[in-house]
Amino acid sequence: MDQIQEAFALRLQEKGIKVTPAQLDQFETYYKELVEWNEKMNLTGITEREQVYTKHFYDSISLAFYIDMNEIRTMADIGSGAGFPGIPLKICFPHLQLTIIDSLNKRINFLKHVVEQTGLEQVLLLHGRAEDWARKPEHRDHYDLVTARAVAKLTVLNEFCLPYAKVGGVFAAMKGSSPDEEIKEASRSLKELKGKLRRVERFTLPIEESERHIVIIDKTAGTPGKYPRKAGTALKTPL
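What you are looking at is a predicted structure, and each value in this text was computed from that prediction instead of being measured.

1. A few points about the layout of surface pockets
Okay, step 1: Volume-wise, the largest pocket comes out at about 920 Å³.
Okay, step 2: Residue lining of the largest pocket: 43 residues in total, with G79, R149, A150, V151 and A152 positioned closest to the centre.
Okay, step 3: The set of elements that each furnish at least two residues to the lining of the largest pocket consists of α3 (49-61), β2 (97-102), α6 (130-133), α7 (154-161), β5 (165-175) and β7 (211-219).
Okay, step 4: Of the residues belonging to the lining of the largest pocket, the class tally is 19 nonpolar, 14 polar and 10 charged.

Okay, here's the thing in structure tokens:
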């Protein structure tokens, strides 16, 4: 364990999350694969090792500071890109049954490789549009926790993600700057998609002190039949 990993493990420990040497090895393998594959395809603009550990790994795991992951069994990560937050959370909490959905097959292939190299089990990687998979009975109204660490606005994310959450489950949108304005704009989509804002958590990332927000939304009833609308509609005409 070197200095960067030691600091990473210590910061997590301060939040009550213990990582073993084997888990730290998995993070290091993930980091190496990310940087290597990033030379062939665009996965991330952040490749400096300490920054990856802070801005991708720690940032992803921050969800577990506010949601008890031991109570979560099934989790869906929508539009996961290079695997954030799903893979770091899965490394820390191996019991999670993780489903990742991404519209780019190249990214899914990268994630398949990461899962193989790190030896993670119970990870389902699906290529396609979030709106299409949400129509499949085995994914609709099914997951304890649904996450997105995407740049889309909350009105759009609600339609992408809430259909996956089971009744009584949670959708957590991970945001950078303050989402207050987005939350106001999203009141109709929340009502339509049977979501209810529980709270917004605010914190700053270590080292570079940048702002982070997690919008926690409860799923109050089954997804109405007309949602999600056809692929692409939510982006063009948000609710």
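Here the narrative resumes.
2. Details of the sheet that holds strand β4 (residues 143-148)
Okay, step 1: Here seven strands make up an open sheet; going across it, the order is β3-β2-β1-β4-β5-β7-β6 and the pairing mixed. At either margin of the open sheet sits one strand with a lone partner, and together these are β3 (123-127) and β6 (195-204). When strand polarity is set aside, the average angle formed by the axes of neighbouring strands in this sheet is 20°.
Okay, step 2: Examined bridge by bridge, β4 and β5 share five bridges and lie parallel to one another. Note that in β5 the partner of V146 across the bridge is F171.
Okay, step 3: Each of β1 (74-78), β4, β5 and β7 touches α7; the most contacted strand, β5, lies at about 145° to it.

3. Looking at empty space enclosed by the protein
Okay, step 1: Applying the stated criterion across every chain yields a total of one cavity of 30 Å³ or more.
Okay, step 2: Here the largest cavity is characterised by a volume of approximately 70 Å³.
Okay, step 3: Within the residue set of the lining of the largest cavity, elements represented by two or more residues are α1 (3-14) and α3.
Okay, step 4: Across the lining of the largest cavity, the residue classes break down as six nonpolar, one polar and two charged.

Reading the values: rules and limits
Residues numbered from 1 in each chain as written. Predicted model: local features only at pLDDT ≥ 70, side-chain atom pairs only at ≥ 80, totals over all residues. Heavy atoms only, no water. 1 Å grid on protein atoms, 1.4 Å probe; cavity = no way out; pocket = protein on both sides within 12 Å on 5 of 7 lines; lining within 4 Å. Points joined across faces, edges and corners; volume = space filled by probe spheres on them. Helix = DSSP H or I, 4+ residues; strand = E, 2+ residues; numbered from the N terminus. Nonpolar A, V, L, I, M, F, W, Y, C, P; charged D, E, K, R; others polar. Pairing = 2+ DSSP bridges. Axes fitted to C-alpha atoms, helices over the stretch in contact; angles between N-to-C directions. Contact = heavy atoms within 4.5 Å.

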